[in-house]
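# A look at the structure
Spelled out, the chains give:
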Amino acid sequence: MKFMKLGSKPDAFQVDGKCIRHVTSDLATDIIIKVGDLKFYLHKFPLLSKSNHMQKLVQKASEENCDEINMVDFPGGPNAFEICAKFCYGMAVTLNAYNVVAARCAAEYLEMTEDVDRGNLIFKIEVFLNSSIFHSWKDSIIVLRTAKSLLPWSENLKIVGRCIDSIASKTSVDPANITWSYTYNRKLSVQDKIVGDSMKLREKIESVPKDWWVEDICELEIDLYKRVMTAVKSKGRMDGAVIGEALKTYAVRWLPDSVDVLVSGVHSWRNKLLVETIACLLPSDNGVGCSCSFLLKLLKVAVLAGMDDSSKEDLVKRISLKLHEASVKDLLIPARSPQTTLYDVGMVQSIVNQYMMHEQRSQDVEPGKSAGFVLGHGSLLSVGKLIDGYLGEIAHDPNLSLTSFIDLSCSVSELARPVHDGLYKAIDIYLKEHPNLTKAERKKICGLMDVKKLTMEASMHAAQNDRLPLRVVVQVLFFEQVKAATRAQSRNSDARTTCVSKMSPDEEWDKTMGEDCRSLKKKMSEVETNEDGGEKNSKMGKKKSRNSKNGVQLLPSRSRRIFDKLWVVGVGKGHVENRSSETSGSSQSSAVGVRDNTNKSSGIPSRHRRHSVS
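Predicted model only: the values in this text are computed from it and were never measured.

What follows concerns the overall build of the chain. The helix and strand tally for the chain stands at 32 helices and 7 strands. Sorting the 614 residues of the chain into buried and exposed places 46% on the buried side. Long-range contacts, defined as pairs at least 24 residues apart, comprise 73% of the intrachain contacts of the chain with a sequence gap of at least 6. A total accessible area of about 31500 Å² is found for the chain, and carbon and sulfur atoms account for 52% of it.

Once that is clear, we can look at the packing of aromatic side chains. One pass over the structure, following the stated rule, counts 10 aromatic pairs. Pairing Phe405 with Tyr430 gives two aromatic rings, centres 5.0 Å apart and planes at 40°, and the pair type is tilted. A residue pair is termed long-range when its members are at least 10 positions apart, and Phe405 in helix H21 (residues 402-410) and Tyr430 in helix H22 (residues 421-433) qualify at 25 residues. Side by side, Phe405 and Tyr430 carry an identical accessibility label, which is buried. Sitting over the ring of Phe479, Lys452 keeps its end group 5.3 Å from the ring centre.

What follows concerns the pairing of strand S4 (residues 31-35). Most of S4 sits out of view: 4 of its 5 residues are buried. Here 5 bridges tie S4 to strand S5 (residues 38-42), and the two strands are oriented antiparallel to one another. Residue pairing in the sheet places Ile33 in a bridge with Phe40 of S5. Where S4 folds back onto S5 in an antiparallel hairpin, the turn is made up of 2 residues, including Gly36, whose phi is positive at roughly 65°. Sheet analysis places S4 next to strand S6 (residues 68-71), joined by 4 bridges and oriented parallel. Bridging across to S6, Ile33 finds its partner in Ile69.

Between Leu151 and the following residue, Pro152, the backbone shows a cis peptide bond with an omega angle of 5°. Within the secondary structure layout, Pro152 lies in the loop between helix H6 (137-147) and helix H7 (153-156). Of note, the amide linkage connecting Ser337 to Pro338 takes the cis form, showing an omega dihedral of 15°. In this structure, Pro338 sits in the loop between helix H17 (328-331) and helix H18 (345-365). Positioned with a positive phi, Glu111 is a non-glycine residue whose angle comes to about 60°. The residue Glu111 is located in the loop between helix H4 (100-110) and helix H5 (121-131) in this model.

Now for the sheet that holds S5. Strand order in the open sheet formed by 5 strands is S2-S3-S5-S4-S6, and the pairing between neighbours is mixed. Either end of the sheet is taken by a strand with one partner, and the two such strands are strand S2 (13-16) and S6. Taken pair by pair, the neighbouring strands of this sheet meet at an average axis angle of 25°, ignoring direction. Contacting S4 and S6, helix H2 (residues 52-63) crosses the sheet at an angle of about 130° to S6. Contacting S2, strand S3 (20-23), S4, S5 and S6, helix H3 (residues 77-89) runs over the sheet at an angle of about 10° to S5.

Now for the nonpolar core. Counting 157 residues, the largest nonpolar core has Leu42, Met71 and Trp213 as its most contacted members. Beyond its immediate stretch of four places on either side in the chain, Met71 contacts Ile33, Lys34, Val35, Gly36, Met54, Leu57, Phe81, Tyr109 and Leu110.

Another point: the environment of Lys5. Relative to the helices and strands, Lys5 is located in strand S1 (residues 3-6). Separated by 88 residues in sequence, Lys5 and Val93 have C-alpha atoms that sit 5.8 Å apart. Sequence-distant contacts of Lys5, that is, excluding residues within four places in its chain, are made with Ala92, Val93 and Thr94.

With that settled, consider the pairing of S3. The alternating pattern of S3 places Arg21 and Val23 on a buried face, while none of Ile20 and His22, on the opposite face, is buried. The pairing of S2 with S3 spans 4 bridges and is classified as antiparallel. Bridge pairing in S3 links Phe13 to Val23. Connecting S2 to the antiparallel partner S3 that follows it, the hairpin turn spans 3 residues, and Gly17 within it adopts a positive phi of roughly 75°.

Glancing now at the packing of H21 against H22. Following both chains from N to C, one finds H21 and H22 inclined at 180°, their axes separated by 12 Å at the closest point. In terms of orientation, H21 lies roughly antiparallel with respect to H22. Two secondary-structure elements touch here, H21 through Leu402, Phe405 and Ser409 and H22 through Leu423, Ala426, Ile427 and Tyr430. Taken together, the residues of the contact of H21 with H22 sort by class into 6 nonpolar, 1 polar and no charged.

Here the focus is the confidence of the model for the chain. On average, residues of the chain score 77 in pLDDT, and 71% of them are at 70 or above. Contacts of residues 187-202 to residues separated by more than four positions or lying in other chains number 9 contacts, the stretch itself having pLDDT below 50. When the criterion is pLDDT under 50, residues 527-531 qualifies, and its contacts beyond four places in sequence or with other chains add up to 13 contacts.

Reading the values: rules and limits
- Residue indices follow the written sequence of each chain, beginning from 1 at its first position.
- It should be noted that, the model being predicted, local features are given only for residues of pLDDT at least 70 and side-chain atom pairs only at 80 or more, the latter also being counted only at that level, while totals for whole chains, interfaces and linings use all residues.
- Processing note: side-chain calculations cover all non-hydrogen atoms of the structure and skip hydrogens and water entirely.
- Numbering goes from the N terminus for both helices and strands, where a helix is a DSSP run of H or I of at least four residues and a strand is a run of E of at least two.
- Whether a residue is buried, partly exposed or exposed follows from its accessible area with a 1.4 Å probe, protein chains only, as a fraction of its type maximum: under 20%, in between, or over 50%, in that order.
- The contact criterion used is simple: two residues touch if any of their non-hydrogen atoms lie within 4.5 Å.
- The Shrake-Rupley method, run with a 1.4 Å probe, gives the accessible areas here. Residue values count only the displayed protein chains as cover.
- Ring pairs shown here join Phe, Tyr and Trp side chains whose ring centres sit within 6.5 Å, with only the six-membered ring taken for Trp; geometry is labelled stacked below 30 degrees between planes, edge-to-face above 60, and tilted in between.
- Each ring is checked for a lysine NZ or an arginine CZ that lies within 6 Å of its centre and within 35 degrees of its normal; such an atom marks a charge sitting over the ring.
- Paired strands, as defined in this entry, are two strands with at least two bridges between them according to DSSP.
- Convention adopted: a line fitted to C-alpha atoms gives each axis, helices being fitted over their contacting stretch, and angles between N-to-C directions are expressed from 0 to 180 degrees.
- To qualify as a nonpolar core, a set must consist of buried Ala, Val, Leu, Ile, Met, Phe, Trp, Tyr and Cys residues joined through side-chain atoms within 4.5 Å.
- Roughly parallel covers angles under 35 degrees, roughly antiparallel covers those over 145, roughly perpendicular covers 65 to 115, and oblique covers all other angles.
- By the convention adopted, Pro, Cys, Tyr, Trp, Phe, Met, Ile, Leu, Val and Ala count as nonpolar, Lys, Arg, Asp and Glu as charged, and the other residues, Gly among them, as polar.
- pLDDT is defined as a per-residue confidence score from the predictor, taking values between 0 and 100.

Following this line, the structure appears as structure tokens:
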């Protein structure tokens, strides 16, 4: 820390009680000056020889025949006046970064200029500021912090502005010219301390990162911090990533982790101001310099603190550009009243909508981009997986409406979901947590997923899931049967293998599924009719199935075989549960088209029971 020593005479100020200061001298004091709660018993001549304002006050006191002068709102208080008084007496006084601003403001108040006496206090302090304080990184920050309590004096004397300019200029210095001794908040490690004259330039550069300065300015209050960062950005020499790191460090320093503290009445206004300030200081490169996790944390505070919509919209736009970097935990933004849900699903919906708009624009810019290329795009796939995971989390909320769940699910492009396992898991959780859904609502939510895009593991789970409508279960079984049949035919028929190898995957699928799809089309409509026909039709179907040996079978032979195979596996595992009246009624021999003699041969009781894997 820099300092300057003024005067050479010994300090003759004495303390008399808590409220009196007097000068020890052969001459009796002839004036009393009151500053705040303290009274100073001094001599007129030393003060009048240095201070123009004291001359005016003493003259006025003489006219009023009064020996006491009361200085109201004296900048810096009694301590600053004592420095000025000692300087007038020529006594030794030391100026440093902690008291120089107060001394400068007090000297200005007393008008201790060169017009009164050469080498007066104002001149000496200005020399000290310009030659030492503003050349020191540490002292500039200390002076700026002390200047806060001396407004508007420090602002009018341009001390604040000069400190800010000094700090901003030093942040742009080449790290090769920086050593850790410049900072004062970082704790030096062993490697940091080994900075000798023999250190190579390369090693020295690597020891000082570009963001060496961000922690040191975190102690500034938000208004001064904003001005410093604005000055840093205006220089145009600071990388956006470093600015983003500085803002993140400041937010971590001042934003509370607890939601209750965040929204408490005492700190709500300050937190709101802090987030608004950080939001307006974000790099202009659309948030590239800030992580998505940090931006989402700002958005959470913005929502809870009640920040204005324009600022939240700006954050949503920035987050949407980096949504693929987010995690499910980042998206769990608590909802505010009057919302009844646990999390603010509407805010996430807005982010996803913005992201898909950017994705659509990028495809419009590159009209030649194929679907396969988009499908392989990592960010799009990451967003699809992210939203499916988020749906799985919010599905536990009993107050989440079906419309909100469906809207958010549909907001993601199908290209982002090559596999529907995540979506199926979220749907299953929602069905479990919302057991009062109607049949139509269950069909609607299950219509979100494509059973052809389920993996074998998910298909096995879905085939035994009594929460799913029967039609969905039959679809799962059918498509798994077709896949199994295709694989079997490819292995057993050389001629077919040769033929299939010349086909594209789409042609192979179409050819394999053609006949089965045509035969199934009519049968599936019968399932829907049976499902919606009520218990009466179900009983009639059972009777008809029992009385007719050659009755109509719903599934083709291959579908029936894989159906039996799945249930034999399920029974073998011992996880057997009775289905609800709706499902069990639909799963009799008429509903699934399996005759009694088939059940006997397979060893399965005539009343089929499906079991679910929770």
